[in-house]
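Each chain, letter by letter, is given below.
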Amino acid sequence: MGKKPSAKEETGLEVCTVTGCKTKPAQFSFCLEHFDHYKFGLINKKGQQVPDFEKKFDQYMKNKDVAIRKVA
Ligand SMILES: [Zn+2]
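Residue positions are given per chain, counting from 1 as you read along its sequence in written order. Reporting of local features is limited, given that this is a predicted model, to residues whose pLDDT is at least 70; pairs of side-chain atoms are given and counted only at 80 or more, and all residues count toward the totals for whole chains, interfaces and linings.

Let's talk about the overall build of the protein
Cut-off, in case you're wondering: Strands here mean DSSP runs of E at least two residues long; helices mean DSSP runs of H or I at least four residues long; both are numbered from the N terminus. Each residue is represented by a C-beta atom placed from its backbone, and any two residues with such atoms within 7 Å are regarded as in contact.
Per the secondary structure count, the protein includes three helices and zero strands. The N-to-C order of helical and strand elements in the protein reads α-α-α. Considering only contacts in the protein between residues 6 or more positions apart, those separated by 24 or more positions represent 9%.

Some words on the confidence of the model for the protein
What counts is decided by this rule: Here pLDDT means the predictor's own confidence in every residue, given as a number from 0 to 100.
Counting all residues, the mean pLDDT for the protein is 87, and 82% of those residues have values of 70 or more. Helix α2 (residues 32-40) holds the highest mean pLDDT among the elements of the protein, 96, whereas helix α1 (residues 7-11) holds the lowest, 58.

Dropping the structure here:
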């Protein structure tokens, strides 16, 4: 098993690419939370919010709510 390169080695970033986020990158150049946002289409690759971010964020939170309830 080879050593998996860390996000920092892959991207050269110390922190998540989203402006204002100080969390270390976990997936690509995003922290776990913002990678989730990216997967859901809330932000683009550069960490910028998409034009209909608020609408999507609403759906995302509802989705998250459901996911949490399923686990609990
Ligand atoms: Zn982040």
